[in-house]
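# Geometric and topological summary
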Amino acid sequence: MGKFRRTKVRSKDGVVYVIDGAGGSGFLPFVMRGILADSRWEMMHFRWSAGYMRIIKDLTNRETNRIRARELSAQILARREARPGDQIHVIAKSAGTAIALWAMAELPERVLDRVILLAPAVSPGFPLEKSLRSARNDVYSFWSPRDLFFLGLGTSIFGTADGVKGKSAGLVGFAQPQPQTLEHDADCARIVEVEWNASMLSCWHVGDHAGTSMPPFIQRYVMPLLEKTDNCAS
């Protein structure tokens with residue numbers, strides 16, 4: 001079963017669920033734990049990987065990954081019901097974005113406050129409509145046309161986390177749903193894509209797969225989004 005590791009907290013008024021990529025390196029959770037230690041938010045590290053460096057198994061073990069996603073959605077819903085006033089955020093990386101998006105599709109509308117996808121290793125055509133409805137605010141996705149090894153070559157050979165062989169959304173962006181296909185139209189959260197650019201070099205993100213996990217990048221580009229509200233905040 002998926003497991004969580006709690007940070008030590010005092011008087012937190014919200015939670016950030018952190019979902020690592022395939023192979024369970026733990027680098028993103030390690031970075032986030034340090035950054036969130038003195039913040040308003042508790043951190044929950046959702047462990048879904050089959051084991052350290054078992055990257056191919058994590059990418060291809062999709063039936064088990066769907067089970068992990070349902071476990072995550074159950075944990076999030078229990079948190080929302082137990083503490084309805086809390087903010088609930090999700091930050092997911094690479095193949096972990098599939099776990100996040102599948103979990104989101106299982107949740108009722110507007111349960112989550114903010115969802116941030118880092119270098120998503122899912123197909124550009126991933127069906128986002130149901131997932132987006134669970135978010136109160138827009139969902140941000142950071143992608144880079146330079147992430148060729150993992151999200152171009154790797155997913156072309158072994159498939160994306162949702163089972164499509166080819167370039168991933170973290171390399172080329174999502175094929176976004178049209179507004180008229182969404183039940184709430186302008187009131188519904190949408191996917192907001194942030195393409196890598198040269199200004200991110202100063203934050204140790206050179207456009208590769210690791211860049212979105214770098215501490216300066218997280219501080220400058222990710223943390224401000226946790227305070228931001230958009231179209232579904234009410």
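Given the structure is predicted, the values throughout are model-derived calculations rather than measurements. (Residues numbered from 1 in each chain as written. Predicted model: local features only at pLDDT ≥ 70, side-chain atom pairs only at ≥ 80, totals over all residues. Heavy atoms only, no water.)

### Observations regarding the side chain of H205
Quick note on the threshold: Secondary structure elements follow DSSP: runs of H or I no shorter than four residues count as helices, runs of E no shorter than two count as strands, and numbering proceeds from the N terminus. Between N or O atoms, a polar contact is any pair within 3.5 Å; within protein, one atom must be a potential hydrogen donor and the other a potential acceptor, and residues adjacent in sequence are included only when both atoms are from side chains. Note on definitions: a residue-residue contact is assigned when non-hydrogen atoms from the two residues lie within 4.5 Å.
Following the sequence through the fold, H205 ends up in the loop between β7 (191-195) and α8 (215-227). In terms of polar contacts, H205 uses its side chain to reach the backbone amide nitrogen of G207, at 3.1 Å. In this view, H205 contacts W196, M200, G211, T212 and F217; residues no more than four positions away in its chain are not counted.

### A short note on empty space enclosed by the protein
Our working definition: Space inside and on the surface of the protein is sampled on a 1 Å grid over the protein atoms alone, with a cavity defined as a set of points where a 1.4 Å probe fits but cannot get out and a pocket as an open set with protein on both sides within 12 Å along at least 5 of 7 lines; lining residues have an atom within 4 Å of a point. Grid points are joined across faces, edges and corners, and a volume is the space filled by probe spheres set on the points. Classification convention: Asp, Glu, Lys, Arg as charged; Ala, Val, Leu, Ile, Met, Phe, Trp, Tyr, Cys, Pro as nonpolar; all other residues, Gly among them, as polar.
Under the counting rule described, the total for this entry stands at two cavities of 30 Å³ or more. Lining the largest cavity are 14 residues; nearest its centre among them are F142, W143, S144, H205 and T212. Elements represented by at least two residues in the lining of the largest cavity include exactly β6 (139-143) and β7. When grouped by side-chain class, the residues that make up the lining of the largest cavity number seven nonpolar, four polar and three charged.

### What about α8?
The condition that has to hold: To estimate the expected span of a helix, count its residues, drop one, and scale the result by 1.5 Å. Here the bend at each residue means the angle between axes fitted to two seven-residue stretches, the one ending at that residue and the one beginning there. The buried label applies to any residue whose accessible area, calculated with a 1.4 Å probe on protein chains only, is under 20% of its type's maximum; exposed applies above 50%, and partly exposed to all values in between.
Here α8 spans 18 Å end to end across 13 residues, near enough to the 18 Å set by a 1.5 Å rise per residue. Along its length, α8 reaches its greatest deviation from straightness, about 30°, at Y221, and the proline P224 lies no more than four positions downstream. By the burial criterion, the buried members of α8 are F217, I218, Y221, V222, M223, L225 and L226.

### Considering the layout of surface pockets
When its volume is computed, the largest pocket comes out at roughly 530 Å³. In this structure, the largest pocket is lined by 26 residues; those nearest its centre are A22, I55, S94, F150 and H209. In terms of residues, the lining of the largest pocket owes the most to one element, helix α6 (residues 148-158), which gives eight residues. Considering only residue class, the lining of the largest pocket consists of 16 nonpolar, eight polar and two charged. Reported here for the second largest pocket is a volume of approximately 240 Å³. If you go around the second largest pocket, you meet 19 residues; those closest to its centre are R47, W48, S49, A50 and G51. Residue assignment for the lining of the second largest pocket shows that the elements contributing at least two residues are β3 (41-47), α2 (55-60) and α3 (62-82). In terms of residue class, the lining of the second largest pocket is built from five nonpolar, nine polar and five charged.

### Overview of the packing of aromatic side chains
Rules: Each Phe, Tyr or Trp ring, with Trp reduced to its six-membered ring, pairs with another whose centre is within 6.5 Å; inter-plane angles below 30 degrees give stacked pairs, above 60 give edge-to-face pairs, and intermediate values give tilted ones.
Scanning all chains against the criterion turns up four aromatic pairs. Relative to F217, the ring of F142 lies with its centre 5.4 Å away and its plane at 80°, an arrangement referred to as edge-to-face. Here F142 is found in strand β6, whereas its partner F217 is found in helix α8, with 75 residues between them in sequence. A relative accessible area of 4% means that F142 is categorised as buried. Its relative accessible area of 0% is what places F217 among the buried residues. Here the aromatic rings of F149 and F150 are separated by 5.1 Å at their centres, their planes lie at 90°, and the arrangement is edge-to-face. Overall, the relative accessible area of 57% leaves F149 in the exposed class. When its relative accessible area of 42% is taken as the criterion, F150 is described as partly exposed. A network of ring pairs unites the aromatic residues F142, F217 and Y221 as a single cluster.

### Looking at unusual backbone geometry
Of note, the phi angle at S94 is positive, near 55°, even though the residue is not glycine. As for its placement among the helices and strands, S94 is situated in the loop between β4 (87-93) and α4 (96-106). The phi angle at A119 is positive, at roughly 50°, despite the residue not being glycine. Relative to the helices and strands, A119 is located in the loop between β5 (114-118) and α5 (129-133).

### Quick word on the confidence of the model for the chain
Selection rule: One number per residue, pLDDT, summarises how confident the predictor is, and it ranges from 0 to 100.
Overall, the predicted model of the chain reaches an average pLDDT of 90, with 88% of residues at or above 70. Across residues 6-10, confidence stays below pLDDT 50; counting only partners more than four residues off in sequence or on other chains, it has eight contacts.

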